[in-house]
Amino acid sequence: MCSGVLPDAMSAGKFITFEGGEGAGKSTQISRVAEKIEQAGISVFTTREPGGSPGAETIRRLLLDPVKNWDVPTEALLHFAARADHYTTRIAPALREGKWVLCDRFADSTRAYQGYGLGLNLEAIEMLYDISLGDFKPDLTLIFDLPVETGMERMRARGDSPDRYEQMDKDFHGRLRKGFLDIAAREPDRCQIIDALQDMDAVTIAIVACLSERLGVRLSV
Ligand code: T5A
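Residues numbered from 1 in each chain as written. Predicted model: local features only at pLDDT ≥ 70, side-chain atom pairs only at ≥ 80, totals over all residues. Heavy atoms only, no water.

A.B. asks: Got a sec to walk through unusual backbone geometry? Specific residues and values, please.
C.D. replies: Here the amide bond leading from glutamate 49 into proline 50 is cis, since omega sits at -5 degrees, within 30 degrees of zero. With respect to the helices and strands, proline 50 occurs in the loop between strand E2 (44-48) and helix H2 (54-64). The backbone phi angle of arginine 105 is positive, close to 80 degrees, even though this residue is not glycine. With respect to the helices and strands, the residue arginine 105 is situated in the loop between strand E3 (100-104) and helix H4 (107-117). Taking the relative accessible area as the measure of exposure, arginine 105 reaches 12% and is therefore buried. (Helix = DSSP H or I, 4+ residues; strand = E, 2+ residues; numbered from the N terminus. Buried < 20%, exposed > 50% of the residue type's maximum accessible area, 1.4 Å probe, protein only.)

Now the structure itself:
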């Protein structure tokens with residue numbers, strides 16, 4: 001178990017992760033929901049992976065470089081190296097202060113992308129998780145689900161130049177979707193699937209309902 005894990009000291013905060021394939025609408029919803037949680041008088045820290053701390057942002061640039069072609073184990077190690085730094089220097093301190101941490105992607109993305117998508121053994125990923133994070137895990141994970149084509153259309157419509165993962169083919173994105181749904185089925189106490197095909201307001205309402213039901217917080221819609 002990693003030495004930075006202090007479960008008792010962190011019990012006041014909540015760690016909520018937002019997961020899903022490309023163009024699912026996570027970033028859009030994190031900013032909406034963060035505002036609502038703040039309005040309820042709870043202090044929020046929003047962050048993302050890969051990245052979220054200076055060290056992890058350096059690793060992010062290596063990971064998303066469209067001309068780089070990491071072998072898959074190296075890629076998974078880089079994601080967990082970034083995550084360990086992010087956890088130790090940003091997530092754990094915020095939780096100790098009682099903040100609700102909203103994180104755009106976390107370890108389920110490594111399970112889905114490097115595991116289901118790129119074929120790395122899922123047990124190897126769990127070993128890396130244990131080394132990096134020990135028993136620490138999200139209080140709640142929202143898995144944004146939508147058809148692959150719709151996510152890709154949203155990314156194309158945004159018009160940014162694609163990173164390494166956005167350049168992958170449709171089969172890869174199909175495996176990701178299956179991976180996220182498998183994760184949700186395996187851990188229903190932690191994971192909630194959100195229908196990301198709905199319009200933005202409907203997605204926000206679904207998340208607000210989920211936070212109320214699972215974490216007991218009442219937010220305005
Ligand atoms: N990765 C990450 C791994 O391979 N392994 C890992 O362990 C981790 C942590 C990170 C990449 O790294 C990979 C996964 C990723 O490929 P990133 O740049 O941080 O990449 O981007 P993503 O997390 O993939 O986020 P995206 O920008 O692709 O998508 P979001 O945040 O899910 O979507 P968002 O909110 O930006 O919306 C996309 C577009 O759709 C519109 C928005 O306006 C926007 O234009 N939209 C909607 N349109 C219609 N209806 C709705 N309900 C909509 N919601 C949003």
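Back to the text.
A.B. asks: I'd like to hear about helix H1 (residues 26-39), residue by residue, with values.
C.D. replies: Along an α-helix, a turn takes 3.6 residues, which lines up residues three or four apart on a common side. An ideal rise of 1.5 Å per residue puts 20 Å on 14 residues; H1 measures up with 20 Å between its terminal C-alpha atoms. For H1, the complete set of buried residues consists of Lys26, Gln29, Ile30, Val33, Ala34, Lys36 and Ile37. Viewed along the axis of H1, the buried residues span an arc of 165 degrees, placing them on a single side of the element. Along H1, exposed side chains directed more than 90 degrees from the buried face belong to Glu35 and Gln39. The secondary structure elements touched by the buried residues of H1 are strand E1 (14-20), E2, E3, strand E4 (140-145) and helix H8 (200-215). Within two residues after H1, glycine 41 carries a phi angle of roughly 90 degrees, on the positive side. (Expected span 1.5 Å × (residues − 1). Arc of directions from axis to C-beta. Contact = heavy atoms within 4.5 Å.)

A.B. asks: Go over the state of the cysteines with me, naming the residues and quoting the values.
C.D. replies: What the rule picks out here adds up to 0 disulfides. Of the cysteine sulfurs around cysteine 103, a residue in no disulfide, the closest is that of cysteine 191, at 14 Å. Free cysteine: cysteine 210, not disulfide-bonded; nearest cysteine sulfur from cysteine 191 at 10 Å. The exposure class of cysteine 210 is buried, given its relative accessible area of 4%. (Disulfide = S-S within 2.5 Å.)

A.B. asks: Can you lay out the packing of helix H6 (residues 148-158) against helix H7 (residues 170-186) for me, pointing to particular residues and giving the numbers?
C.D. replies: Two quantities define a packed helix pair, namely the angle between the helix axes and the distance between the axes. Between H6 and H7, the shortest axis-to-axis distance is 10 Å and the interhelical angle comes to 115 degrees. The chirality of how H6 crosses H7 is right-handed. Residues Val148, Glu149 and Met152 of H6 touch H7, and the partners they reach there are Lys170, His173 and Gly174. Across the contact of H6 with H7, the residue classes tally to 2 nonpolar, 2 polar and 2 charged. (Axes fitted to C-alpha atoms, helices over the stretch in contact; angles between N-to-C directions. Left-handed = near helix turned anticlockwise from the far one by under 90°. Nonpolar A, V, L, I, M, F, W, Y, C, P; charged D, E, K, R; others polar.)

A.B. asks: I'd like to hear about empty space enclosed by the protein, residue by residue, with values.
C.D. replies: Empty space among the atoms can be located by rolling a probe the size of a water molecule over them. Under the counting rule described, the total for this entry stands at 1 cavity of 30 Å³ or more. Roughly 140 Å³ of volume is contained in the largest cavity. Surrounding the largest cavity, 16 residues form its lining, Gly21, Glu22, Leu146, His173 and Arg177 being those nearest its centre. In terms of residue count, H7 provides more of the lining of the largest cavity than any other element does, 5 residues in total. A class-by-class count of the residues in the lining of the largest cavity yields 9 nonpolar, 4 polar and 3 charged. (1 Å grid on protein atoms, 1.4 Å probe; cavity = no way out; pocket = protein on both sides within 12 Å on 5 of 7 lines; lining within 4 Å. Points joined across faces, edges and corners; volume = space filled by probe spheres on them.)

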